[in-house]
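So the chains spell out like this:
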Amino acid sequence: MVRNAMPGPELSSTVRLMLNGAPQELTVDNRTTLLDLLRDRLDHTGTKKGCDHGQCGACTVLVDGRRANSCLLLAVAVDGREVTTVEGLEDDEPHPMQAAFLAHDAFQCGYCTPGQICSAIGMLDELAEGWPSAVTTGPVHPDDAEIRERMSGNLCRCAAYPNIVAAIREVAGA
Amino acid sequence: MREFAYARARDVDAAVSLVADNPGARYLGGGTNLVDLMKLGIERPELLVDVTGLPLDEVTEDGDLLRIGALVRNSDLAAHPLVRDRYPVLSQAVLNGASGQLRNVATTGGNLVQRTRCGYFTDPTKPCNKRMPGSGCPAIEGEHHNLAILGASDHCVATHPSDLAVALAALDARIDVQDLAGPHELPLEDLYRPVGDRPDLELTIRDGALITGVALPPLPPDARTTYRKVRERASYAFAIAAVAAVLVVRDGLVSDVRIALGAVASHPWRARIAERELRGGPATAAAFEAAAIAELDAARPLRDNAYKVPLVRDLVVAVLTELAR
Amino acid sequence: MTRTWQAAPSVGHPLTRVEGLDKVTGRARYAADIPLPGLVYGWVVPATIPRGRVLGLDVAATLAMPGVLAVLHQHNAPRLTDAGDATLLLFQDDRVAHRGDPVALVIADTPERAREAAERTAVDYLPEPHDAAFRADHPRLYEPDHVNPRLPTVTDKGDVEAALAGAAVVVDHEYRTPPQHNNPMEPHSGTAVWADGRLTVYDSTQHAYGMARTLTKLFGFDPGVVRVVSEHVGGGFGAKGLTRPDAVLAVMAATLVGRPVRVTMTRPQLFPLTGYRTPTAQRIRLGADRDGRLVAVEHRASSQTSRLLEFTEQSASYSRVMYAADNLRTSHRVVALDVPTPRWMRAPGEAPGSFALESAMDELAEACGVDPVELRLRNDATTEPATGEPFSSRRLAECLREGARRFGWADRDPRPAARRDGRWWRGTGMAGAHYPARAGPTVAHATAFPDGGYVVRVGAADIGTGARTVLTQLAADALEVPVGVVRLEIGDSDFGRAQVAGGSMGTASWSWPVVTACRDLAHRLASGERLPPEGLTSTYDSTEALRALGAFARYAFGAHFAEVAVDAATGEVRVPRLTGVYAVGRVVNPLTARSQLIGGMTMGLSCALLEESIMDARFGDFVNHNLADYHVATNADVGELDVAFVDDPDDELNPSGVKGLGEIGIVGVPAAIANAVWHATGVRQRELPIGPARTITSGQ
Ligand SMILES: Cc1cc2nc3c(=O)[nH]c(=O)nc-3n(C[C@H](O)[C@H](O)[C@H](O)COP(=O)(O)OP(=O)(O)OC[C@H]3O[C@@H](n4cnc5c(N)ncnc54)[C@H](O)[C@@H]3O)c2cc1C
Ligand code: SF4
Ligand code: FES
Ligand code: FES
């Protein structure tokens, strides 16, 4: 009853990527976003969909180590890249950012949390590289104003913001 | 989203030959605008040509010009030492746009030609002259609190959402383009068509022309520059007004000034009238205000965006006063 | 077996969330995350007219599209029975009640294909004239029989007109609040699966039990057929309190295609289909003596509802509770428009109502030359102003004094527009707050196992409130065991009757049977009752106990203080500092309690400065139906948030002495910020949201 599960050859593509350190190869409808690939095809549902349009940050993952909104990335376009999701951060024990989020109660419903955590990890790397932000005036420091600005691409409707800032500050200072 | 074919461009020529004069084809940069619009059903390409693999992703010095490849990601542009050092206004403008994760993906070229955020344009169930020529412009009588006060027409009052383009306008940037006829360049300001009665025709370059880069001429060594963006939300929001300004004051007199306004028109708005008023005159708040008023004389606000007129006036005065200090 | 009781009272300790590790690692499965073999996807086809009829639907064309399995519409949908909510009577006739009303559901094998086919489904409409414009003077405004939840529409005590006529000082203004959307980060999602004669629905609901009952009634299922599971819920703020179309559509579709079907709404679809806070226009008249003692309070509120359902926001009810006045009248009117149906959004009634009254109180303080904190202390009440009922406890004065102390209110210069600091005008403002402390009937089961572990089952939902954690703590203390040996199972309608996670009633309601059942179980074990291998269970139902409650006015109270900075050139408003002090009964977990309150305060900030769903009445549509154009506060908007509690023992509540704190954090915050903007700039802000468009045009 289900007709062809994949569109014609020119409308689908084979995608190879490293997902949390493990190689994946699969054929996708060209329309499939990285977010839907993770969630619907690879059962990696830790990454969440809040808006599907780059407007909330819930889908944030690391692509080649850089944070990105997976809802606006076509899966075909990340062929050959390395993708890290919230599921790939643990290494026997939780990543320090995960532990800090837990300790500081940096979430309530938890829905924005995987995106916040991936974003925070990517953001600290950006800070370490010396990248400026809209509030940078001199040399960059992980102070509250910088963290708030740099984490503003991750909406949290429960508004755990002050605790998110505290958790990140702790990891940045470690 | 309609099904589409996907191809990676091997080189610039191949990319252009696939997309130019093919109305069903689009370049895919970071995709942060195009994929968004495809999901909304506003863009329905049959073929996406991914250009992110092209070697146009560097910032380089070329004599006294700074060249920015069209595929330089917004984050890399803002963080580049030469940009931060020579054109802080550009770095600031980029950093005031979107979010960290979007800037990591969005490209310079894509940013310049991103489409308006007008809420009727982005809803295919509603009329919109830009999307469907002749269907009408519901924004004029409807929700337009963040739409244009300058240079709009009875056909469309949309604004251009880019921050980056506003800074480039103030920097007299030139755009490198390649189409089937080969490479050429034009001033950034000439990239955008006036609205007139065809708001669907936004760019002056041919359909399917590839933007390959941006070139910035040097600034006077004593120039001071800044970017101020006004928005309701403190971050991760489009401007309701923005100013990019370059000011050179010598002996209390304005020797050079360039002012570009964002979120007031269908394209970055060079405030030429204000600049003319100011050049050679005193660098005082009174002069800045008179110049801003002169520029805004042409403003034609709508029912709910009249607040932008005093807002832009006071913003220009505040920004120039700060730079003159 | 022998057992050593470890008395380690957990209540009052900042235990981190018991499901926290699952949430930070991405292991927690929300409704749309449950993997199921054979799962297919339903996509809504929304009406593109605001009112009229569906004439035809090109079903054949849609069925021919790739991957499409079926199309649900008025001619093949199961017939439904009204369960008291007409917004759920989907595909029962050809009527379009508002723009965005579902006219069909396309079911396909992948989400991409479902979406594309839904968007290409051709629908013919017969539009009818419509009216979607709310106005304070709308000719069709009427007084409903009651207002939400079932409060009287009007209260009238004394003679307000006479008292106003004789008052030394009168304040009389209209205040307006816009439509606002809850916008939880998790969009509504429902997945329905038939297996072995049972229907399981995985849904993002705040009320699994309520949803199971609603679906049973709607579809006419036998009792016990439906099971609703909502283990993790990504926020709701009221929008998931009642059954929404996602669940109904998933059930219809799974029944039609005989496979599990998931219906997850898009962000734009949430705007017309999941409720919102109505716009309000509120007139407040205050009469006072020269010292600011109120002699008369009148609060009149109007709001909108849809044609489908009468929902009247109880905005004026705020004034029934807050300040003492011998003459007090409150009333509501509502108008039914061709718009989506407004429903609960965090502190319905109190949130908009407090903006009006607490702003007017600030204007009264200015008119009388009395400090705003002092004005509220002078008008503190000893019995509930509208009813004369005694309060079970009322510690508003303590909140006001403690808030003033923490915030550093004492040396405030009352003059407006007197503090310029570079770019910024600076000011401070404050407001009082209250929220009802209620509880609803709930059943809980506590089971002891021979391995020393305990499982407590209750149909609660943890929408981010920390319910699972707090109930674990209360259960552990009642059992007199460490929290580590107690596992709470929630979010399952099979656990029996339970109160919704809403109205700040969750913990009060669920903890009642949890604590009682656990105490009973501990008692049975202590008295030597045998522990069988399958465990020993105590069950308690709080229904009878709730009926026996004494007649008291039960409320939580609070006070909010705000500091604002307003850009002199642009009118941008920033809030560097907010203080909230609360009397909320017993605080079970200070960590999660603080989180809920900072969440409420931030939503109040967001509501003051950013949030507005913009209705284009010509289309009957909220045109900014996405998170780029509907702004909710982000990290950079939030400065220093200070939360504190005053001691609030109250024996007239429930066995755990809790009042609930999910909502009081938002109440009064918009007024505190508006009052601070006035203090900063000298311009009153009587309409939300306050932003550059208003701070500028109001003429600085
Ligand atoms: C939630 C959100 C908030 C945002 N906020 C801001 C903001 O505050 N300020 C701001 O400036 N921007 C903002 N943006 C827009 C964002 O900056 C743009 O989407 C982005 O810069 C576009 O770049 P891209 O590479 O992703 O373009 P794409 O999406 O890949 O392309 C956009 C368009 O440009 C065409 N194109 C791409 N590259 C080229 C090229 N080299 N030559 C010719 N045509 C090309 C494409 O065919 C397409 O039509 C926001 C976006 C989102 C989603
Ligand atoms: S302003 Fe322009 S983009 Fe917006 S509805 Fe009118 S024509 Fe369309
Ligand atoms: S789901 Fe990608 S940004 Fe919201
Ligand atoms: S924790 Fe609920 S949205 Fe962030």
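Residues numbered from 1 in each chain as written. Chains lettered and ligands numbered in written order. Predicted model: local features only at pLDDT ≥ 70, side-chain atom pairs only at ≥ 80, totals over all residues. Heavy atoms only, no water.

In the nomenclature of an unreviewed UniProt entry, chain B is known as Xanthine dehydrogenase YagS FAD-binding subunit of Asanoa hainanensis.

For clarity, the threshold we go by: UniProt positions are given in the numbering used here, feature names are shortened, and annotations may be inferred rather than shown by experiment.
Taking an unreviewed UniProt entry as the reference, chain A is identified by name as Xanthine dehydrogenase YagT iron-sulfur-binding subunit belonging to Asanoa hainanensis. The UniProt entry for chain A carries the following comment under Pathway (unreviewed entry): "Alkaloid degradation; nicotine degradation."

Some remarks on the packing of helix 2 (residues 96–103) of chain A against helix 3 (residues 113–128) of chain A
The relative placement of two packed helices is expressed as an angle between their axes plus a distance between the axes. Residues and elements named next belong to chain A. Where we set the bar: Helix axes are fitted to C-alpha atoms over the stretch in contact, other axes to C-alpha atoms as well, and angles between N-to-C directions run from 0 to 180 degrees. Helix numbers and strand numbers start at the N terminus; a helix is a DSSP run of H or I with at least 4 residues, a strand a run of E with at least 2. In what follows, roughly perpendicular refers to angles from 65 to 115 degrees, roughly parallel to angles under 35, roughly antiparallel to angles over 145, and oblique to any angle outside these ranges. Handedness of a helix crossing follows the sense of rotation of the near helix relative to the far helix, less than a right angle counterclockwise being left-handed and clockwise being right-handed. Residue contacts are defined here by distance: any two heavy atoms, one from each residue, within 4.5 Å place the two residues in contact. Three classes are used: nonpolar for Ala, Val, Leu, Ile, Met, Phe, Trp, Tyr, Cys and Pro, charged for Asp, Glu, Lys and Arg, and polar for all others, with Gly counted as polar.
Two numbers describe how helix 2 lies on helix 3: the axes approach to 10 Å, and their chain directions differ by 125°. With respect to helix 3, the axis of helix 2 lies oblique. Helix 2 and helix 3 meet at a crossing whose hand is right-handed. Each of Met97, Gln98 and Phe101 in helix 2 lies in contact with helix 3, whose residues at this interface are Thr113, Gln116, Ile117, Ala120, Ile121 and Leu124. In the contact of helix 2 with helix 3, the residues fall into six nonpolar, three polar and no charged.

Some thoughts on the domain arrangement of chain A
Residue and element names in this part refer to chain A. For clarity, the cut-off: An automatic or database domain assignment is the source of the domain bounds shown. A simple way to read buried area is as the amount of 1.4 Å-probe accessible surface that goes missing from two parts once joined, with both sides added. In the sections that follow, a salt bridge refers to a side-chain nitrogen of Lys or Arg positioned within 4 Å of a carboxyl oxygen of Asp or Glu. Within 3.5 Å is the distance limit for a polar contact, defined as a pair of N or O atoms, with the added protein rule that one can donate a hydrogen and the other accept it, and that residues adjacent in sequence qualify only through two side-chain atoms.
Once the domains are mapped, chain A shows domain 1 (9–86) and domain 2 (96–173). If you average the C-alpha positions of domain 1 and of domain 2, the two centres end up 22 Å apart. With 17 residues of domain 1 at the contact, the number on the domain 2 side is 17 residues. Of the roughly 1,300 Å² buried between domain 1 and domain 2 on both sides combined, carbon and sulfur atoms contribute 55%. At the boundary of domain 1 with domain 2, the tally comes to one salt bridge. For the salt bridge of Glu126 with Arg67, the shortest nitrogen-to-oxygen distance reads 2.9 Å. Across the contact surface, domain 1 and domain 2 share seven residue pairs in polar contact (both at pLDDT 80 or more). Broken down by secondary-structure element, the contributors of at least two residues to the side of domain 1 that touches domain 2 are strand 3 (60–63) and strand 4 (66–69).

Here's the deal with the interface of chain A and chain C
The interface of chain A with chain C comprises 57 residues on the first partner and 68 residues on the second. Regarding the contact of chain A and chain C, the summed buried area is about 4,800 Å², with carbon and sulfur atoms giving 53% of it. Joining chain A to chain C, the criterion identifies 28 residue pairs in polar contact (both at pLDDT 80 or more). Every element with two or more residues in the side of chain A that touches chain C is listed here: helix 1 (34–41), helix 2, helix 3, helix 4 (144–150) and helix 5 (161–173) of chain A. Considering every element that reaches the side of chain A that touches chain C, the biggest residue donor is helix 5 of chain A, with five residues. By residue class, the composition of the side of chain A that touches chain C is 27 nonpolar, 14 polar and 16 charged.

A closer look at the UniProt feature "domain: FAD-binding PCMH-type" (unreviewed entry) in chain B
UniProt's entry tags residues 1–221 of chain B with the feature "domain: FAD-binding PCMH-type" (unreviewed entry), counted in the numbering of this structure. The span residues 1–221 of chain B is 23% helical and 18% strand by assignment, and the distance between its end C-alpha atoms comes to 50 Å.

What to know about the site of ligand 1
Note the threshold: We call a residue near a molecule or strand as soon as one heavy atom of that residue lies within 4 Å of the molecule or strand. The Shrake-Rupley method, run with a 1.4 Å probe sphere, supplies the accessible areas, and residue values consider only the shown protein chains as cover.
Among the 34 residues in the neighbourhood of ligand 1, the closest are listed as B:Tyr27, B:Thr32, B:Leu34, B:Thr107 and B:Asp163. More than one chain reaches ligand 1: its neighbouring residues belong to chains A and B. The backbone of B:Leu34 places a nitrogen or oxygen atom 2.7 Å from an oxygen atom of ligand 1. Take B:Lys229: an N or O atom from its side chain is 2.9 Å from an oxygen atom of ligand 1. If ligand 1 stood free it would expose 970 Å²; the protein chains cover 95% of that surface. Ranked by the residues each element gives to the shell around ligand 1, the list is headed by strand 2 (residues 25–28) of chain B, at three residues. The class makeup of the residues in the shell around ligand 1 is 15 nonpolar, 15 polar and four charged.

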